[in-house]
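Structural overview for review
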Amino acid sequence: MLCTWRPAARALPLRSRVSRGGPSERSAVLQPTKNVHFRKLTTMAAWVIDKYGSNEVLEFREDNRRPSVCTSAEVLLKVHAAALNPVDVAMRGGYGSTLLGVRRDALSLGWMGGEFPLVLGRDASGVVVECGSGVTHFQPGDEVWAAIPPWKQGSLAEFVVLSESEVSHKPKSLSHTQAASIPYVASTVWSALVVTAGLNKDSCSGKRVLIVGASGGIGILAIQLMKVWGAHVTATCSRSAEGLVRSLGADHVVDYTSGDTKAQLETLEKFDVVLDNVGGDTEDWAVTLLRPWAGAKYITLVTPFLLNLDKLGLAEGTVQTGLTAGSKALKNLCDKGVHYRWAFFAPNGAALDQIADMVDEEQVRPVVEAEFSFSKVAQAFQKVEQGHARGKTVINIHVLQKC
């Protein structure tokens, strides 16, 4: 059975955040009609889980408590489209629950169960319904997009509440379906390549960047951002994804199914930055492809941090993680003269502002591999869980309004 159905460090100057559209361009705020029952104003439809597990824990409910604006800096969004990422599949199974539980409620100290019912989904595109008194960049009716932090309730619901700093005006040129495919991967790539690797539009020209695992959501956005800023990009992917990766601007593509990936890459000039989306034994040989003693950086998005905390607990897991990261960084710096770094997703509305401009200027484009209706969320999870993505899986949030 699939489911139950029931009736930021600063690395690049960021411009002042301004509205991307005037009042005439904003849609009217949805107003409830007088005959809508009060219950409809306080509840919403959403996909939730009440325990961790595989796909059968997903459950659709129409009587979830509708979130509300509680602080002056929050905004309430009506979600039009959401997207799934591999992290949603992992979180469904309990990945990161130890730390995320504490982040949701610092007094819980990791107490299991307090996070349920939990709504998954890290990408959202929709319309602002309500703003806190201190919100200055948005107003009801604005079309926006956002990457939702994993410690907050997600976007597989009619409504979601976020902080103003996590939200951005969506690109005018995109539909909500297209827009929902970008925020989480864009924020993650920005954290990895801008904040951690130190790249920006002024320093990127001529840099040689290797992206390992380039055909998924992270790789697709990373290729485009690096090309906009003038880098030379080498990407690894399977033969079936080579056409997509080249169409995004990759200068050189290595097919990992055609032979030894390391051997193929060793024939090329050394790199200034490696972005690793694969992990495992990849880092053992990827660091050897960097320019020695030239400030080159190996950045990986596959880290043991949350797994250590889930397995060992907060205290011991934190110590083990620190020892692992420190020893690897020191070893690579001393032996090879390269910088070894871990990178993590970080919500960043101001970064999304800049990505939105690139999209509207046709420098960055969305790649949507599959679309699902709101009633088919379980099938969408199955699609993402299969791996070998060639773009994003998007869910259109459409719920029939009942009076």
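Residues numbered from 1 in each chain as written. Predicted model: local features only at pLDDT ≥ 70, side-chain atom pairs only at ≥ 80, totals over all residues. Heavy atoms only, no water.

Looking at an unreviewed UniProt entry, one finds the protein named NAD(P)H oxidoreductase RTN4IP1, mitochondrial and attributed to Scleropages formosus. As stated in UniProt under Sequence similarities (unreviewed entry), the record for the protein gives "Belongs to the zinc-containing alcohol dehydrogenase family. Quinone oxidoreductase subfamily." (UniProt positions renumbered as here; feature names shortened; annotations may be inferred.)

Side note on the pattern of salt bridges
In the structure shown here, the tally under the stated rule is 16 salt bridges. Across the pair Arg122 and Asp88 runs a salt bridge, and its minimum N-O distance is 3.7 Å. Separated by 34 residues along the polypeptide, Arg122 in the loop between helix 3 (97–104) and strand 5 (123–131) and Asp88 in helix 2 (residues 86–92) bring together distant segments of the chain. Each member of the pair, Arg122 as well as Asp88, carries the same accessibility label: buried. For the salt bridge of Lys227 with Asp251, the shortest nitrogen-to-oxygen distance reads 2.8 Å. Of the two residues, Lys227 sits in helix 6 (residues 217–228) while Asp251 sits in the loop between helix 7 (242–247) and strand 11 (252–255), which places them 24 residues apart along the sequence. Assessed through its relative accessible area of 28%, Lys227 is described here as partly exposed. (Salt bridge = Lys/Arg side-chain N within 4 Å of Asp/Glu carboxyl O. Helix = DSSP H or I, 4+ residues; strand = E, 2+ residues; numbered from the N terminus. Buried < 20%, exposed > 50% of the residue type's maximum accessible area, 1.4 Å probe, protein only.)

Notes on the sheet that holds strand 11
As summarised here, the arrangement of the six strands in space is 11-10-9-12-13-14, forming an open sheet in which the pairing is parallel. Two strands lie at the open edges of the sheet, namely strand 11 and strand 14 (339–342), each paired on one side alone. Neighbour-to-neighbour, the strand axes of the sheet open up by a mean angle of 15 degrees, direction not taken into account. Where strand 9 (residues 208–212) lies against strand 10 (residues 232–237), five bridges are found, and the strand directions are parallel. Note that in strand 10 the partner of Val209 across the bridge is Val233. Packing of helix 6 onto the sheet brings it into contact with strand 9, strand 10 and strand 12 (273–276), and relative to strand 10 it is tilted by some 165 degrees. (Pairing = 2+ DSSP bridges. Axes fitted to C-alpha atoms, helices over the stretch in contact; angles between N-to-C directions. Contact = heavy atoms within 4.5 Å.)

A word on the environment of Gln382
By the element assignment, Gln382 lies in helix 13 (residues 377–385). Remark: the alpha-carbon pair of Gln382 and Val89, spanning 293 residues in sequence, is separated by 8.8 Å.

Re the packing of helix 3 against helix 10 (residues 305–312)
Between helix 3 and helix 10, whose axes approach to 7 Å, the crossing angle comes to 90 degrees. Compared by their axis directions, helix 3 and helix 10 come out roughly perpendicular. On helix 10, the residues that touch Ser97, Thr98 and Leu99 of helix 3 are Phe305, Leu306, Leu309 and Asp310. (Parallel < 35°, antiparallel > 145°, perpendicular 65-115°, else oblique.)

Focus on empty space enclosed by the protein
Here the largest cavity defines a volume of roughly 70 Å³. What lines the largest cavity is simply Ser181, Ile182, Val185, Gly217, Ile220, Leu221, Gln224, Arg365, Pro366, Val367 and Lys392. In terms of residue count, helix 6 provides more of the lining of the largest cavity than any other element does, four residues in total. Tallied by class, residues from the lining of the largest cavity come to six nonpolar, three polar and two charged. (1 Å grid on protein atoms, 1.4 Å probe; cavity = no way out; pocket = protein on both sides within 12 Å on 5 of 7 lines; lining within 4 Å. Points joined across faces, edges and corners; volume = space filled by probe spheres on them. Nonpolar A, V, L, I, M, F, W, Y, C, P; charged D, E, K, R; others polar.)

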